[in-house]
Amino acid sequence: MSNADRHGMIAQAVRESGRITVQELADLTGASEMTIRRDLDTLSAQGVLERVRGGARTLLLRGEEPPFALRAHEAVDAKRRIAAEVASLIADGETVLLDSGTTCLQIAQLLRRRPVTVMSLSLQAIQVLDQGFGPSTLMVPGGRPRAAEGALTGPLTLASLSALRFDTAIIGCCGLSAAEGLTAYDLDDAAVKKAAIASSRRIVVATDGSKLGHTAHAHVSPATLLHTLVTDDTASADEVAALEGTGMVVKIV
C-alpha cells in the first residue's frame, strides 16, 4: 500500500469513527504502529485530523463541509479517472472555466498540458496551471479566497465571471440530485457556481458517486441546466437514472 493510499484510508477511518487508536489503524492498514504515528503526525500538520494521545480524532463537526485537506485524501483513484474523462471532453482551443475543489484540482493537472485557455476559481489549481509547463493559457479572476479552501469568491469574482463567456464550465459540487439539483455548503460558493453556469455554453459536473443523491443547504441550479455529469462507478444506479431523465448525459468511469 502506498503512503497516499494509507493516508486516505486513515483519513476516512477517522472521519467515520470520530476517534480511533493507533492500534486500530495498524490493524486496518497492516502498517506498523510506528508508521501509523508518523502518518498521523503528517495528517495532523495538514489539518486533516487532530492528534490525541494514543490515536487521532476528527476535526469535522456534524453538518460541516469536510475541509479541502481531508477531501484531498478521499476517493483519489476515482477522482483521477473522472479527471481523465472530463479532460477528454475538452477540445483544443476551448475556453474553460474550472471550479474549485479536489476533483477540479486533478483536472487542472491534465488541462495544463493542453492548448486551452483556463480560468481557475481555485488558488491550488492556479498554482498547478501556472507551473510554466505545457501550452495552456491561464486566466485569473479577482476575488478573495475562502479560508482553508482556496476557492475564490466575492464581488470581484462575480464581476470577472459576468464579463466573460466560456465554452465549458467544469463544476464541482457538494450535492447533486434530480429532485434538488446542484447544491453547495457555502452561500458565497453557490453564488460563484451560479455565475459560472450563467457565463458558460456547456456545463460539465465532475464529482464522485458519494455526492449523488445528497443535498447541501445552498441551492445552485436545477439539474435541467446541467449538460454532462462525469462520476465514478460507486454512484447510485437509481440516482443516475433519475439524472438522465432530466436530460443530462451521464458518463461513469
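Residues numbered from 1 in each chain as written. Predicted model: local features only at pLDDT ≥ 70, side-chain atom pairs only at ≥ 80, totals over all residues. Heavy atoms only, no water.

Colleague: Sorry if this is basic, but what is going on with the overall build of the protein here?
Modeller: Check the secondary structure of the protein and you find 10 helices and 15 strands. What you see for the protein is a C-alpha radius of gyration of 18 Å, in line with the 18 Å of a compact globule of 253 residues. Each principal axis of the C-alpha atoms in the protein carries an extent, and together these give about 55 × 45 × 30 Å. Across the 253 residues that make up the protein, the buried fraction comes to 50%. For the protein, restricting intrachain contacts to residue pairs at least 6 apart in sequence, the fraction spanning at least 24 positions comes to 59%. When the accessible surface of the protein is totalled, it reaches about 11,300 Å², and 52% of it is carbon and sulfur. The averaged location of the 29 negative side-chain charges in the protein is 4 Å from the averaged location of its 25 positive side-chain charges. (Helix = DSSP H or I, 4+ residues; strand = E, 2+ residues; numbered from the N terminus. Rg over C-alpha atoms; globule rule 2.2 N^0.38 Å. Buried < 20%, exposed > 50% of the residue type's maximum accessible area, 1.4 Å probe, protein only. Contact = heavy atoms within 4.5 Å. Areas by Shrake-Rupley, 256 points an atom, 1.4 Å probe, with all protein chains shown as cover. Lys, Arg positive; Asp, Glu negative; His and termini not counted. Charge placed at Lys NZ, Arg CZ, Asp CG, Glu CD.)

Colleague: Help me understand the sheet that holds strand S14 (residues 228-231) in this model?
Modeller: Within a beta sheet, neighbouring strands are joined by backbone hydrogen bonds and run either parallel or antiparallel to one another. Spatially, the 7 strands line up as an open sheet ordered S6-S5-S4-S9-S12-S14-S15, and their pairing is parallel. What marks the edges here is a single partner per strand, and that holds for strand S6 (137-139) and strand S15 (249-252). Strand-to-strand twist across the sheet, computed as the mean angle between neighbouring axes with direction ignored, equals 20 degrees. Bridge count between S14 and S15: 4 bridges; the pairing is parallel. (Pairing = 2+ DSSP bridges. Axes fitted to C-alpha atoms, helices over the stretch in contact; angles between N-to-C directions.)

Colleague: It is not clear to me how the packing of helix H1 (residues 3-17) against helix H3 (residues 33-45) should be interpreted in this structure. Could you clarify?
Modeller: How two helices pack is summed up by the angle between their axes together with the distance between the axes. One can describe the packing of H1 onto H3 by two numbers: an axis separation of 11 Å at closest approach and a directional angle of 75 degrees. With respect to H3, the element H1 is oriented roughly perpendicular. On H3, the residues touching Arg6, His7 and Ile10 of H1 are Thr35, Ile36, Asp39, Leu40, Thr42 and Leu43. Along the lines of polarity and charge, the residues of the contact of H1 with H3 split into 4 nonpolar, 3 polar and 2 charged. (Parallel < 35°, antiparallel > 145°, perpendicular 65-115°, else oblique. Nonpolar A, V, L, I, M, F, W, Y, C, P; charged D, E, K, R; others polar.)

Colleague: Can you walk me through the nonpolar core in this structure?
Modeller: The tendency in soluble globular proteins is for nonpolar side chains to be buried as a group. With 31 residues, the main nonpolar core has Leu97, Leu161, Leu176, Leu182, Leu226, Leu229 and Leu243 as its most contacted residues. Counting residues per element, this core draws most heavily on helix H9 (residues 187-198), at 5 residues. Dropping the residues within four chain positions of it, Leu182 is found in contact with Ile171, Gly172, Cys173, Gly175, Leu176, Ile197, Val205, Ala218, His219, Val220, Ser221 and Leu226. If you look at the next biggest cluster of nonpolar residues, it comprises 22 residues, including Ile90, Val118, Ile170 and Ala206. (Core = buried A, V, L, I, M, F, W, Y, C linked by side-chain atoms within 4.5 Å.)

Colleague: I would appreciate a short explanation of helix H8 (residues 155-162) in the present structure.
Modeller: Since the α-helix packs 3.6 residues into each turn, any two residues three or four apart lie on the same face. For H8, the set of buried residues is Thr157, Ser160 and Leu161. Taken around the axis of H8, the buried residues stretch over an arc of 95 degrees, which confines them to a single face. Exposed and oriented more than 90 degrees from the buried face of H8 are Pro155 and Leu156. Among the structural elements, strand S4 (95-98), strand S5 (117-120), strand S7 (144-145), strand S8 (152-153), strand S9 (166-171) and H9 are those in contact with the buried residues of H8. (Arc of directions from axis to C-beta.)

Colleague: Quick question: what am I supposed to make of the sheet that holds strand S13 (residues 218-221) here?
Modeller: One open sheet holds the 3 strands; their spatial order is S10-S11-S13, and the pairing between them is antiparallel. Across the chains shown, the open sheet's two edge strands, defined by having one partner strand only, are strand S10 (175-177) and S13. With strand direction ignored, the average angle separating the axes of adjacent strands in the sheet is 30 degrees. Direction of pairing for strand S11 (residues 181-184) relative to S13: antiparallel, over a ladder of 3 bridges. Residue pairing across strands places Thr183 opposite His219, the latter belonging to S13.

Colleague: What exactly am I supposed to notice about the side chain of Thr231 here?
Modeller: With respect to the helices and strands, Thr231 occurs in strand S14. According to the relative accessible area criterion, Thr231 is buried, its value standing at 0%. Here the side chain of Thr231 touches Thr207 through a polar contact of 2.8 Å, landing on its backbone oxygen. In this view, Thr231 contacts Ile82, Thr207, Asp208, Gly209, Leu212, Val250, Lys251, Ile252 and Val253; residues no more than four positions away in its chain are not counted. (Polar contact = N/O pair within 3.5 Å; in protein donor to acceptor, adjacent residues only side chain to side chain.)

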